[in-house]
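So the chains spell out like this:
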Amino acid sequence: MAFTLATWNINSVRLRSPIVQKLLQEEGPDVLCLQETKSPVDKIPLEDFAALGYGHMVARGQKGYNGVAILSRLPIEEVASEDFASLGHARHIAGRLENGTTVHNFYVPAGGDVPDREKNEKFGQKLDYLAEMRDWFTQNAPEKSILVGDLNIAPREDDVWDHKKLLKVVSHTPIEVEKLAEVQDSGNWVDVTRQDIPEGKLYSWWSYRARDWDAADKGRRLDHVWASKDISNAAHSSRVLRDARGWEKPSDHAPVFATFDL
């Protein structure tokens, strides 16, 4: 079975239901993982998506903050939802498709503005969250699994618009990159996006603060698609739908796609 998966930090699924529907209609992924839905699960406009053929959903939500959801054309059952770092946040949901593939959808804490856990509690929470992700996947070795989401870290030098200028900016600091690598190593995960697109600048997020985000192009690759090693060779056709960043009332993130032949 071949299926296409997309991940997208939507920054309010209710506010941006029209562009979610646009994506589903125009791109037709079989599975769409959303982060920062900012909605209780029962208020997610599932009827809008079901009308387009996406009647299956597993989700965790809370009012106004965080939130993760997996929309699917294919039957999916919830298999896990972990509260890493005991934050009480809706940041992880995992579902299993009928072909046995498990999809983990994550919204890793952003970490605030100051990259120092002594001065910034949120940065400490981010590092703790990543450490517990690492430990969990060490104990629960993934098989036939995909991990996606807004991991809020751009790990490579070509994942940011200026490596040197961003070394002390949260999302690209050496300690964050190190902790993300530990998560990746703990599950023997393969970065599918960079497996398919190994060279060159690649971004999935552009700040709302930029007057002309497209021209300035000061982006970061914060959104990721990983696969467990046993299925990584089945992945192909990775891409970032950059145009979506320019849609009406956009998220500051663009969707990231990959297709799997399983």
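These notes cover the structure that comes with them. On a predicted model such as this, the values are computed, not experimentally measured, just so you know.

Another aspect to go through is the pairing of strand 4 (residues 68-72). With 5 of 5 residues buried, strand 4 is to be regarded as a mostly interior element. Side chains Val68, Ile70 and Ser72 project from strand 4 onto one buried face, and the interleaved Ala69 and Leu71 project onto a second face that is buried too. Sheet topology note: the strand 2 (residues 31-35)/strand 4 ladder contains 5 bridges and is antiparallel. Bridge pairing in strand 4 links Gln35 to Val68. As paired elements, strand 3 (residues 56-60) and strand 4 share 5 bridges and run antiparallel to each other. The residue of strand 4 that forms the bridge with Val58 is Ile70.

Right, let's get into unusual backbone geometry. At Lys38, a position not held by glycine, the phi torsion is positive, near 55 degrees. With respect to the helices and strands, the residue Lys38 is situated in the loop between strand 2 and helix 2 (46-50). The class of Lys38 is partly exposed, set by a relative accessible area of 25%. The phi torsion at Ser171 lies on the positive side, around 110 degrees, for a residue other than glycine. With respect to the secondary-structure elements, Ser171 resides in the loop between helix 4 (163-166) and helix 5 (174-186).

Thresholds, definitions, all that
Every residue gets a number counted from 1 within its own chain, in the order that chain's sequence is written. In keeping with the predicted nature of the model, local features appear solely for residues at pLDDT of at least 70, side-chain atom pairs appear and are counted solely at 80 or more, and the whole-chain, interface and lining totals rest on all residues. Calculation of side-chain values draws on the structure's entire complement of heavy atoms; hydrogens and water are dropped beforehand. The rule is simple: take the accessible area with a 1.4 Å probe, protein chains only, and divide by the maximum for that residue type; under 20% is buried, over 50% is exposed, in between is partly exposed. Secondary structure elements follow DSSP: runs of H or I no shorter than four residues count as helices, runs of E no shorter than two count as strands, and numbering proceeds from the N terminus. Being paired, for any two strands, means DSSP has found at least two bridges between them.

Geometry only, nothing functional implied.
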